[in-house]
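Tertiary structure, described
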Amino acid sequence: MTSRRWTLILFVLAAVFSLGLAACGDDEPEVTNTIDDAGDAAGDAADDMGEAVGEAADEAGDALGVVAGDPEAGAAVFAEQGCSGCHAVEEGVEGMTGPPLHNIATVANERTEQSAAEYIRESITNPSAHVVEGYENVMPPYELPDDQLDNLVAYLMTLTGE
């Protein structure tokens, strides 16, 4: 009788233990999903913060006249896009379709309340926003990749006329 009792007790304990393990197993995926969801949310928040910091840095750089691009690479973009077909970068060249750019970084500050870099960038992407007196609105808007646009603006910012 004693061995039957122990067998029954062991059987009941085994059943209870099995049910306990089964219940724990159901909670595990929810915990994992919650952790994954929290990780995704944290990643999204970090991405948003990174974009906000990048935009603030761009605005601060524009206000200080600092441009993120590479002027040498920008000179190559200027040549590749055929900008010299309408704009002269040498002083004294007259009769071009577009205004001369030999001192664009200097005169851009006088033409608008924007920073020179913002003015130049907008003049490239939306030329009708700033049509220089004496010239027709014939320049098409350019849709360049951000790095090429940054480089082109950096190059044009070196043209001070000095």
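See the structure shown above.
Read on for a plain summary of the structure. Small disclaimer: the values here were computed from a predicted structure and weren't measured. Here the residue numbers are simple positions, counted from 1 along each chain's written sequence. Local features are withheld for residues below a pLDDT of 70 in this predicted model, meaning they are given only at 70 or higher, and side-chain atom pairs are given and counted only at 80 or more; totals for whole chains, interfaces and linings count all residues. No hydrogens and no water enter the side-chain calculation; it runs on all heavy atoms of the structure.

Some points on the overall build of the chain
A run of H or I in DSSP becomes a helix once it reaches four residues, and a run of E becomes a strand once it reaches two; helices and strands are each numbered from the N terminus. When you go through the chain residue by residue, the secondary structure sums to five helices and zero strands. Starting at the N terminus, the α and β elements of the chain follow one another as α-α-α-α-α. For the chain, the residues scored as buried account for 24% of the 162 residues in total. The long-range share in the chain, meaning contacts at least 24 apart out of those at least 6 apart in sequence, stands at 57%. For the exposure calls, accessible area comes from a 1.4 Å probe over protein chains only, and a residue counts as buried if that area is under 20% of its type's maximum, exposed if over 50%, partly exposed in between. We call two residues contacting when some pair of their heavy atoms lies within 4.5 Å.

Observations regarding the pattern of salt bridges
Salt bridges are counted wherever a side-chain nitrogen of Lys or Arg sits within 4 Å of a carboxyl oxygen of Asp or Glu. By the definition in use, this model includes one salt bridge. The residue Arg121 makes a salt bridge to Asp150 at a minimum N-O spacing of 2.8 Å. Taken together, the residues Arg121 in helix H4 (residues 116–125) and Asp150 in helix H5 (residues 146–157) connect sequence positions 29 residues apart.

Topic: a negative patch on the surface
On the surface, a cluster of negative charge is made up of Asp40, Asp44, Asp47, Asp48 and Glu51. On the secondary structure map, Glu51 appears in helix H1 (residues 2–64). Like-charged residues within 9 Å of one another, or nonpolar side chains (Val, Leu, Ile, Met, Phe, Trp, Tyr) within 5 Å, are grouped into patches, provided each residue has over 30% relative accessible area and no salt bridge. Each accessible area is a Shrake-Rupley result for a 1.4 Å probe, and residues are judged covered by the shown protein chains and nothing else. Under the counting rule used here, the positive set is Lys and Arg, the negative set is Asp and Glu, and His together with the chain ends is not counted. Every charge is mapped onto a representative atom, which is NZ of Lys, CZ of Arg, CG of Asp or CD of Glu.

Quick look at the nonpolar core
Soluble globular proteins tend to pack their nonpolar side chains together in the buried interior. By nonpolar core is meant a set of buried Ala, Val, Leu, Ile, Met, Phe, Trp, Tyr and Cys residues that side-chain atoms within 4.5 Å join together. Ile104, Ile120, Val153, Leu156 and Met157 are the most contacted members of the largest nonpolar core, which totals 24 residues. Secondary structure elements with two or more residues in this core: helix H2 (71–80), helix H3 (104–111), H4 and H5. Ranked by residues supplied to this core, first place goes to H5 with seven residues.

What about H4?
Inspection of H4 places Ala116, Ala117, Tyr119, Ile120, Ser123 and Ile124 among the buried residues, and these make up the whole buried set. Considered in projection along H4, the buried side chains sweep an arc of 165° and stay on one side of the axis. The reported arc concerns the directions from the helix axis to the C-beta atoms and nothing else.

Examining the environment of Asn151
Positionally, Asn151 belongs in helix H5. Once residues within four sequence positions are removed from consideration, Asn151 is found in contact with Gly69, Asp70, Pro71, Ala73 and Gly74. Among the polar contacts listed, one links the side chain of Asn151 to the backbone nitrogen of Asp70, at a separation of 2.7 Å. Distance and chemistry together define a polar contact, namely a pair of N or O atoms within 3.5 Å, with one atom able to donate a hydrogen and the other to accept it when in protein, and with adjacent residues in sequence counting only for side-chain atoms on both sides.

Topic: H2
Every buried residue of H2 is accounted for by Gly74, Val77 and Phe78. Seen along its axis, H2 keeps its buried residues to an arc of 105°; they face one direction. Turned more than 90 degrees away from the buried face of H2, the exposed residues are Glu72, Ala79 and Glu80. In the core, the buried residues of H2 are packed alongside H5. Two or three places before Glu72, at the opening of H2, Asp70 has a side-chain oxygen 3.2 Å from that residue's backbone nitrogen. In the stretch just after H2, Gly82 is the one whose phi turns positive, near 75°.

Here we look at the side chain of His87
Within the secondary structure layout, His87 lies in the loop between H2 and H3. Within the local environment of His87, its side chain forms a polar contact with the backbone oxygen of Pro99, the two atoms lying 2.8 Å apart. Setting aside its immediate chain neighbours within four residues, His87 contacts Phe78, Met96, Gly98, Pro99, Leu101 and Met139.

Details of the packing of H4 against H5
Under this scheme, a helix contributes an axis fitted over its contacting stretch, all axes are lines through C-alpha atoms, and angles between N-to-C directions fall in the 0 to 180 degree range. Their axes nearest at 10 Å, the elements H4 and H5 cross at an angle of 125°. Looking at the two axes, H4 sits oblique to H5. Crossing of H4 over H5 shows right-handed handedness. On H5, the residues touching Ala116, Ala117, Ile120, Arg121, Ile124 and Thr125 of H4 are Leu149, Asp150, Leu152, Val153, Leu156 and Met157. Residues were grouped as follows: Ala, Val, Leu, Ile, Met, Phe, Trp, Tyr, Cys and Pro as nonpolar; Asp, Glu, Lys and Arg as charged; and all remaining residues, including Gly, as polar. Across the contact of H4 with H5, the residue classes break down as nine nonpolar, one polar and two charged. Convention used here: angles under 35 degrees read as roughly parallel, angles over 145 as roughly antiparallel, angles from 65 to 115 as roughly perpendicular, and any remaining angle as oblique. Note on convention: the crossing is left-handed when the near helix lies turned anticlockwise from the far helix by less than a right angle, right-handed when the turn is clockwise.

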